[in-house]
Amino acid sequence: MRIGLVGLGRIGAFHAETLVALPAVETLVVTDARADVVAEVAARLRGTGAAVETCRPEELLEAGIDGLVVATATNGHAEWIRRGIDAGVATFCEKPVAGDLDEIIELARLDAASETPVHIGHQRRFDAGFARARDAVASGELGFVHTIRANTHDQAPPPAEFIPTSGGIFRDCGVHDFDAIRFVTGHEIASVYAVGANKGADFFAAAGDVDTGAAVLTLDDDTLVLMSTTRYNGGGHDVRMEVMGERGTVTAGLDHSLAMVSAEPDVDFPRGPQVWSFMERFQPAYRAELTAFCEVAAGRLESPCTIADSLEAFRVAEACELSRAQRRPVALTEIRGL
């Protein structure tokens, strides 16, 4: 099939390399507002033997594509999702759907009324460890689940210019945990209490953000979740989820790349090597995710993560930011939804 890709920044270029390696993708059509970037990426991919075409952004949906992958900056996501739906082209879009809650709600309603599938990129749903944790919960292997620990710890901060447009640490980083919690447990988050702090670079506080956040979440079945996120984890990129039940505990992300050192004598775990970015940590999950999107575009699979799913994770992030700002618990009933 022919897949179109708009946006060739860091994640877009990464997706391009993944897509051309998929058996289902015969031709990749790439575009970006920066013509020089399009030429550079296309030349590099063609050097691997891949079939790659280029076009201007306004020509992409007229290029005979079977599916659209949106990897632009966040402020372009909503427009391209609308274009994909209007053109009847199955669309994959990186999270977030948009930077504004009202716009995400509007798009979720548009998606629900359309027969054109939209798949939002929450790649942890395709990670083997998170899938195993989901199965352990669904099968009853753990008995009742009482506590979850979830964390997203970046090895190093993003560029300073990114922070003012990121939406804050809970919308940018924590939203992945919120979606994964819903995915693994099958339950909704009912209330949050969130805090944040700054000990690193001044640009976080200058943007009204924090470099480290934590939250206590209560699910609708009274499961308690302890969640943490930070921009400073120099030992490596660390994403984990521990799911604790009456009969046992399973953990996603507990392997030899774990970005920590044991303080116990005679313990050689983890042996390394560590991973240093989310792209390295979740490379197999991204491949599985885009493979699934090809199945969606071919009409053989329903969207594994809809705009409505992404909306629920974003609502939790909104609640956490409100909780942090007002220093109080926030019920999800306070946050607008469908």
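Computed from a prediction, not measured in an experiment: that's the story for all the values here. (Residues numbered from 1 in each chain as written. Predicted model: local features only at pLDDT ≥ 70, side-chain atom pairs only at ≥ 80, totals over all residues. Heavy atoms only, no water.)

A. Structural context of the overall build of the protein chain. Helix and strand counts for the protein chain stand at 10 helices and 13 strands. For 338 residues, the compact-globule estimate of 2.2 N^0.38 gives 20 Å, and the C-alpha radius of gyration of the protein chain, at 20 Å, lies within 12% of that figure. Across its three principal directions, the C-alpha atoms of the protein chain cover 55 × 50 × 45 Å. Residues classed as buried in the protein chain amount to 51% of the 338 residues present. Put simply, 72% of the contacts in the protein chain that link residues at least 6 apart link residues at least 24 apart. Accessible surface, the protein chain as shown: approximately 14,900 Å² in total, 51% of it carbon and sulfur. Here the protein chain carries 30 positive and 50 negative side-chain charges, and the mean point of each set is 2 Å from the other. (Helix = DSSP H or I, 4+ residues; strand = E, 2+ residues; numbered from the N terminus. Rg over C-alpha atoms; globule rule 2.2 N^0.38 Å. Buried < 20%, exposed > 50% of the residue type's maximum accessible area, 1.4 Å probe, protein only. Contact = heavy atoms within 4.5 Å. Areas by Shrake-Rupley, 256 points an atom, 1.4 Å probe, with all protein chains shown as cover. Lys, Arg positive; Asp, Glu negative; His and termini not counted. Charge placed at Lys NZ, Arg CZ, Asp CG, Glu CD.)

B. Up close: the sheet that holds strand β11 (residues 238-245). Spatially, β12-β11-β7-β10-β9-β8-β13 is the arrangement adopted by the 7 strands of the open sheet, whose pairing is mixed. In this open sheet, the two edge strands, each paired with only one partner strand, are β12 (249-252) and β13 (330-331). Judged from the 4 bridges that link them, β11 and β12 form a sheet pairing that is antiparallel. Looking at β12, one finds that Met241 is bridged to Ala252. Where helix α5 (residues 128-139) meets the sheet, it contacts β7 (145-153), β11 and β12, and its direction lies at approximately 155° from that of β12. Together, β8 (189-197), β9 (212-219) and β13 form the strand contacts of helix α10 (residues 307-326), whose direction differs from that of β8 by roughly 50°. (Pairing = 2+ DSSP bridges. Axes fitted to C-alpha atoms, helices over the stretch in contact; angles between N-to-C directions.)

C. Structural view of the environment of Glu318. Along the chain, the position of Glu318 falls in helix α10. Along the sequence, Glu318 and Arg336 sit 18 residues apart, while their C-alpha atoms lie 9.6 Å from each other. Non-local contacts of Glu318, meaning those with residues more than four positions away in its chain, are made with Leu101, Arg171 and Ile335.

D. Summary view of the packing of aromatic side chains. Enumeration over the complete set of coordinates arrives at 4 aromatic pairs. For the ring pair Phe203 and Phe204, a centre distance of 4.6 Å and an interplane angle of 35° mean the geometry is tilted. The exposure class of Phe203 is partly exposed, given its relative accessible area of 25%. By relative accessible area, which is 0% here, Phe204 ends up buried. Aromatic side chains Phe204 and Tyr232 sit 6.3 Å apart centroid to centroid with 65° between the ring planes, which places their arrangement in the edge-to-face category. One end of the pair, Phe204, is in helix α7 (residues 202-206); the other, Tyr232, is in the loop between β10 (224-230) and β11, with 28 residues separating them in the sequence. An aromatic cluster of at least three residues, connected via ring pairs, comprises Phe203, Phe204 and Tyr232. Lying across the ring of Trp80, Arg83 places its NZ or CZ 4.3 Å from the centre. (Phe/Tyr/Trp six-rings, centres within 6.5 Å; stacked < 30°, edge-to-face > 60°. Lys NZ or Arg CZ within 6 Å of the ring centre and 35° of its normal.)

In short, the description is geometric, and any link to function would need to be established separately.
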